[in-house]
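Breakdown of the fold
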Amino acid sequence: MRLSVGVRLFLTLLLAVSASRGAAAKQDTPIVQTGIERLLENPEILTGKRIGLITNQTGVTRNLVHDVDALLARKLLLVAVYGPEHGVRGTEQAGEATGSFRDPKTGLPFYNLYEKKPKEIAHLFRDVDVILYDIQDVGSRFYTYIATMAYAMKAAAIADKPFIVLDRPNPIGGEKVEGPVLEPPYQSFVGLYPIPVRHGMTVGELAGYIQKQYLEKEFGAKAKVTVIPMSGWKRGMSYEETGLPWVPPSPNMPTVDTATVYPGNGLFEGTNLSEGRGTTRPFEWIGAPYINSWELAQRLNLLKLPGVAFREAYFQPAFSKHAGKNVGGVQFYVTDREAYDPIRTALSVIVEVKSQYPKQFAWRHDHFIDKLIGTDAVRKAIDQGTSVGEIVAQWQDRLHSFENQRKLYLLYSSE
């Protein structure tokens, strides 16, 4: 039976509309649902409770609705909002903290928890019944949001209040665990617990580890920590595969590429090299006024470090180290995330710079590098001329021990 031109045209249009609706439905189907999205589907557990929310600009749904607005839209009793380093709105630079203020949009009190001790935080929790935590982490031990969560969990136990962690992906993956495990003498706000630099865990998994290993031993039943896990997340996922929008967790963490290099390139904060703060490529550019860019790039590329290439780069930081000066250095290009080892790579660069510029290169005067990497052994080994391979080998036993312990707290599979 032959169809008329009009019928054929109608059927073609019908199929096109159907296909577009199917594509839209597929696009709208979440690949990964975060803890806040799962909570908002069943918010009844918060009904009638005065809620305190620890968050920042990353606390959003996939539709970019902020947690504050989403909770208020469901008529939940949100009474206070707390922020980590950089503030609730993420406007402050590293090490800076805003004071308390009343949010002009919602009228809610906003408090900054940065570097506040647990007893101080417990006092700020006095008028709430339950505390929610929803902040995007970047997967490195020395990123301070982990410390804020740990202090807040302890504060909640002191105040005998339940603490709910709304989980999010580890943006650099949940499989690779790298770097030395923190040694107790180097405990600080950039490393509270004996975990490696790259821990390969989500904040929910870290919360479980902190609760079982530390809080329950100190507070017993008062350590009331609950994790609302994600759905759909697999340990081997790249952040791009999650379907979630990337919101910069802090002013110098603009992209997933930044988070990828950060476990290694954050270590440059412990040297007199610029780590790229005050530029458009923080942590991807490193350098100093005394460096010959093309020579450093050439020598680093000759090392054939896995998964990374280097380009000679020139920049002038607007603030932080070498502000207003012309800086020579390199840009890191990660060519294979699976092969790339950020910590080994950064140490290789430090060794090379120290070799080329022994009189100009220097560690930060307070040996901040020891707190960042969690031991003084790495700095001392580099100063003694030990090879990077030997340095990495020294921390493997403790790293393997942590990996075995870590398995007890993993909430997600690799498949």
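Remember, predicted model here, so these are calculated numbers, not experimental data.

1. Digging into the nonpolar core
Ile-54, Phe-125, Met-149, Phe-163, Phe-332 and Leu-347 are the most contacted members of the largest nonpolar core, which has 101 residues in total. Considering each element in turn, this core owes the most residues, eleven residues, to helix H5 (residues 145-158). Non-local contacts of Leu-347, meaning those with residues more than four positions away in its chain, are made with Leu-267, Ile-373, Val-378, Ile-382, Val-388, Ile-391 and Trp-395. Val-68, Leu-71, Val-81 and Phe-110 belong to the second-largest nonpolar core, a separate cluster that totals 20 residues.

2. Focus: the pattern of salt bridges
Counted according to the given criterion, the structure contains 22 salt bridges. With a closest N to O distance of 2.7 Å, Asp-134 and Arg-168 form a salt bridge. Within this pair, whereas Asp-134 is found in strand S5 (residues 130-134), its partner Arg-168 is found in the loop between strand S6 (163-166) and strand S7 (178-181), the two being separated by 34 residues in sequence. Residues joined by salt bridges that share partners form a network here, namely Glu-269, Glu-275, Arg-277 and Lys-321.

3. Section: the sheet that holds strand S11 (residues 308-315)
The strand order S10-S12-S11 describes an open sheet built from three strands, whose pairing is antiparallel. Sheet topology places strand S10 (285-288) and S11 at the edges, where each strand pairs with a single neighbour. Ignoring strand direction, the axes of neighbouring strands in this sheet form an average angle of 25°. The pairing of S10 with strand S12 (residues 327-334) spans four bridges and is antiparallel. Within S12, the residue paired with Trp-285 across the bridge is Gln-331. Against the sheet, helix H9 (residues 342-356) contacts S10, S11 and S12, and its axis sits at roughly 50° relative to S11.

4. Section: the packing of helix H7 (residues 256-265) against H9
The description of two packed helices rests on the angle between their axes and on the distance between the axes. In contact at an axis separation of 7 Å, H7 and H9 are set at 55° when each is read in the N-to-C sense. As far as their axial angle goes, H9 and H7 are oblique. H9 is crossed by H7, and the crossing has right-handed handedness. The segment H7 lies against H9, with Thr-260, Val-261, Pro-263, Gly-264 and Asn-265 engaging Pro-342, Ile-343 and Ala-346. Looking at the contact of H7 with H9 residue by residue, the class counts come to five nonpolar, three polar and no charged.

5. Some thoughts on the sheet that holds strand S2 (residues 78-83)
Read across the open sheet, the seven strands follow the order S3-S4-S2-S1-S5-S6-S9; overall the sheet is mixed. Two strands close off the open sheet at either side, each with one partner strand: strand S3 (101-102) and strand S9 (225-228). As paired elements, strand S1 (residues 51-55) and S5 share five bridges and run parallel to each other. When the sheet's bridge partners are listed, Gly-52 is paired in S5 with Ile-131. Each of S1, S5, S6 and S9 touches H5; the most contacted strand, S6, lies at about 155° to it.

6. Examining a negative patch on the surface
A contiguous patch of negative charge on the surface is contributed by Glu-175, Asp-336, Glu-338 and Glu-415. Structurally, Asp-336 is set in the loop between S12 and H9.

7. What to know about H5
For H5, built from 14 residues, the straight-helix expectation of 20 Å at 1.5 Å per residue is met to within 8% by its first-to-last C-alpha distance of 20 Å. Most of H5 is tucked away, with twelve of its 14 residues classed as buried. Within H5, burial applies to Tyr-145, Ile-146, Ala-147, Thr-148, Met-149, Ala-150, Tyr-151, Ala-152, Met-153, Ala-155, Ala-156 and Ala-157. One or two steps after H5, the chain reaches Asp-160, where phi turns positive at roughly 55°.

8. Let's talk about helix H8 (residues 293-302)
Looking at H8, one finds that the buried residues are Ser-293, Leu-296, Ala-297 and Leu-300. Buried residues of H8, viewed axially, fall in a sector of 100°; they line one side. In H8, those exposed residues whose orientation departs by more than 90 degrees from the buried face are Trp-294, Gln-298 and Leu-302. Where H8 is buried, its residues meet S11, S12 and H9. In the stretch just after H8, Lys-304 is the one whose phi turns positive, near 55°.

9. Focus: unusual backbone geometry
Not every positive phi belongs to a glycine, and Leu-64 is a case in point at roughly 70°. With respect to the helices, strands and loops of the structure, Leu-64 is situated in the loop between S1 and helix H3 (67-73). Its identity as a non-glycine residue notwithstanding, His-322 has a phi of 60°, on the positive side.

10. Observations regarding the packing of aromatic side chains
Going through the model one piece at a time under the given rule, you end up with 21 aromatic pairs. Each ring, one from Tyr-82 and one from Phe-125, has its centre 5.2 Å from the other, and the planes form 80°; the classification is edge-to-face. Here the residue Tyr-82 occupies a position in strand S2, and Phe-125 occupies one in the loop between helix H4 (118-124) and S5, the gap between them amounting to 43 residues. Classification of Tyr-82 as buried rests on a relative accessible area of 0%. Taken together, the aromatic side chains of Phe-142, Tyr-143, Tyr-145, Tyr-262 and Phe-283 make up a single cluster linked through ring pairs.

11. Concerning the environment of Glu-218
With respect to the helices and strands, Glu-218 occurs in helix H6 (residues 203-219). Residue class for Glu-218 comes out partly exposed when judged on its relative accessible area of 48%. For the pair Glu-218 and Lys-154, spaced 64 residues apart in sequence, the C-alpha to C-alpha distance is 9.3 Å.

Rules used in this analysis
- Residues numbered from 1 in each chain as written.
- Predicted model: local features only at pLDDT ≥ 70, side-chain atom pairs only at ≥ 80, totals over all residues.
- Heavy atoms only, no water.
- Core = buried A, V, L, I, M, F, W, Y, C linked by side-chain atoms within 4.5 Å.
- Buried < 20%, exposed > 50% of the residue type's maximum accessible area, 1.4 Å probe, protein only.
- Helix = DSSP H or I, 4+ residues; strand = E, 2+ residues; numbered from the N terminus.
- Contact = heavy atoms within 4.5 Å.
- Salt bridge = Lys/Arg side-chain N within 4 Å of Asp/Glu carboxyl O.
- Pairing = 2+ DSSP bridges.
- Axes fitted to C-alpha atoms, helices over the stretch in contact; angles between N-to-C directions.
- Parallel < 35°, antiparallel > 145°, perpendicular 65-115°, else oblique.
- Left-handed = near helix turned anticlockwise from the far one by under 90°.
- Nonpolar A, V, L, I, M, F, W, Y, C, P; charged D, E, K, R; others polar.
- Patch = residues over 30% accessible without salt bridge, like charges linked within 9 Å, V, L, I, M, F, W, Y side chains within 5 Å.
- Areas by Shrake-Rupley, 256 points an atom, 1.4 Å probe, with all protein chains shown as cover.
- Lys, Arg positive; Asp, Glu negative; His and termini not counted.
- Charge placed at Lys NZ, Arg CZ, Asp CG, Glu CD.
- Expected span 1.5 Å × (residues − 1).
- Arc of directions from axis to C-beta.
- Phe/Tyr/Trp six-rings, centres within 6.5 Å; stacked < 30°, edge-to-face > 60°.

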